[in-house]
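Topology and contacts: notes
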Amino acid sequence: MRRLQQFRAFFRAVAGLLLAFGRTAGYLRTKALADLALPAGSRLSPAEQRRWQHYAWGTTYLAAVFGLLLGRRWSPSESASFAQLAALACFFDDLTDRFPAQPGTTAADSPEQYGRRVDPRGLALHLLQRVEQGLPAERLPLFRHFLQRVFQVETAGRQRGARAPEAGELLRLTAEKGGCSVLLFRCLLAPPLSAAEQKALFEFGGLIQLCDDIFDLWFDRQNGTATLATTWAAQHRLSTLVQVFEQQVAATRQALQTAPFSGLQRASAAWAVHLLCAITRVCLQHYLLLQKKHGTLPLDSRADMVVDMGRWRHRWRAGLAIFQGHGWISRTVQQDERQ
């Protein structure tokens, strides 16, 4: 019976992910751009459209995990809100990259003030207003709370200075940025967040941010952005990076086990999280093999350092990794049986 429940959770997770990405593919081809309702005379360049769609695919994974936890599909209006917030995140990241060149801007500014100062086209402010107009009044304060926290982390410039923060501060920034970003998207959906769900999703967000930083190691290094991955790779401490990653996986697992949902919902979400972890482990394994081969990481080599999941050898490794180290999913089911 326990094995049957595990298979049921696994196939529910796979089906949920496939359905979510399939819906996004259709939505991006048809209504997504129109739903942004850009101001008259404003257009996105082909490069901007591609970048926004890249963000939309990333937030689709979030939507799928939320759906598995909450046990429901999204309405068309919720899908539009996700696309709009993905576009806002895309433009916001571009604007904060320009932060050092904006004298007088401080982390205490509001997102609106910052947008008026650095975005002459007004697209970011337009998208923020679109998202907020679609939110019920009772969810708006929490949305703005998490928005301000993400804004402060991004504009403080702590990860882009000449001197990188210590590892402990980088760990805090990773958790804050990732956790608040995930909770920001969760605010788009009903029902309201409980304290237990908020804790679980904050840990999950920290894990997503860490995974993203691991994959973006080469890009962040080129852009001068300090992360745990760039710092420990430069110090030849990949084992420390692996250890911290596995600790974050364990923290996310523990938080999910206490989330206020049924065992099947939690186990299905755990499988979806595990799929992301499996892909990240392939990336870490690739870095470890490079270090073993060269004696040090070829940090400036894009061909070596960027892990292309379109290559079959990486896909096969990810497939193997999916069915390794997933005992925590079994424990999620076992815990529900004991309850």
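Keep in mind it's a predicted model, so treat the numbers as computed, not measured. (Residues numbered from 1 in each chain as written. Predicted model: local features only at pLDDT ≥ 70, side-chain atom pairs only at ≥ 80, totals over all residues. Heavy atoms only, no water.)

**Here we look at the nonpolar core**
When a protein is soluble and globular, its nonpolar side chains tend to lie buried together. Counting residues in each nonpolar core, the largest one holds 102 residues, and the members touching the most others are Trp52, Phe66, Phe143, Leu188, Ile214, Phe245 and Tyr287. Examining the composition of this core, we find that 13 residues originate from one element, helix 13 (residues 263-294), more than from any other. Ignoring sequence-local partners within four residues, the contact set of Phe143 consists of Leu85, Leu128, Val131, Glu132, Leu135, Leu184, Cys187 and Leu188. (Core = buried A, V, L, I, M, F, W, Y, C linked by side-chain atoms within 4.5 Å. Buried < 20%, exposed > 50% of the residue type's maximum accessible area, 1.4 Å probe, protein only. Helix = DSSP H or I, 4+ residues; strand = E, 2+ residues; numbered from the N terminus. Contact = heavy atoms within 4.5 Å.)

**Description of helix 1 (residues 2-30)**
Each α-helix winds once per 3.6 residues, and so residues spaced three or four apart point in a common direction. Taking 1.5 Å as the rise per residue, helix 1 with 29 residues should run 42 Å; its terminal C-alpha atoms sit 42 Å apart, in good agreement. Within the span of helix 1, buried status applies to Gln6, Ala9, Phe10, Ala13, Leu17, Ala20, Thr24, Tyr27 and Leu28. (Expected span 1.5 Å × (residues − 1).)

**Looking at the layout of surface pockets**
For the second largest pocket, the calculated volume is near 570 Å³. In this structure, the second largest pocket is lined by 27 residues; those nearest its centre are Ala20, Arg23, Ala63, Trp74 and Ser79. Looking at the lining of the second largest pocket, the elements with two or more residues in it are helix 1, helix 3 (46-70) and helix 4 (76-97). Considering each element in turn, the lining of the second largest pocket owes the most residues, 9 residues, to helix 1. Split into classes, the residues belonging to the lining of the second largest pocket amount to 14 nonpolar, 7 polar and 6 charged. (1 Å grid on protein atoms, 1.4 Å probe; cavity = no way out; pocket = protein on both sides within 12 Å on 5 of 7 lines; lining within 4 Å. Points joined across faces, edges and corners; volume = space filled by probe spheres on them. Nonpolar A, V, L, I, M, F, W, Y, C, P; charged D, E, K, R; others polar.)

**Notes on the confidence of the model for the protein**
Counting all residues, the mean pLDDT for the protein is 87, and 91% of those residues have values of 70 or more. Of the regions scoring below 50 in pLDDT, residues 326-339 engages in 32 contacts with residues more than four places distant in sequence or in other chains. (pLDDT = per-residue confidence, 0-100.)

**Section: the side chain of Arg139**
Along the polypeptide, Arg139 turns up in the loop between helix 6 (123-133) and helix 7 (140-155). Buried charge Arg139 goes without a salt bridge, the closest partner of opposite sign being Glu138 at 5.2 Å. Within the structure, the side chain of Arg139 is placed 3.4 Å from the backbone oxygen of Cys187, a separation counted as a polar contact. Beyond its immediate chain neighbours, meaning those up to four positions away, Arg139 contacts Cys187, Leu188, Leu189 and Ala190. (Lys, Arg positive; Asp, Glu negative; His and termini not counted. Salt bridge = Lys/Arg side-chain N within 4 Å of Asp/Glu carboxyl O. Polar contact = N/O pair within 3.5 Å; in protein donor to acceptor, adjacent residues only side chain to side chain.)

**Some thoughts on the environment of Val14**
When you line up the elements, Val14 lands in helix 1. Separated by 254 residues in the primary sequence, Val14 and Ser268 place their C-alpha atoms 8.6 Å from one another.

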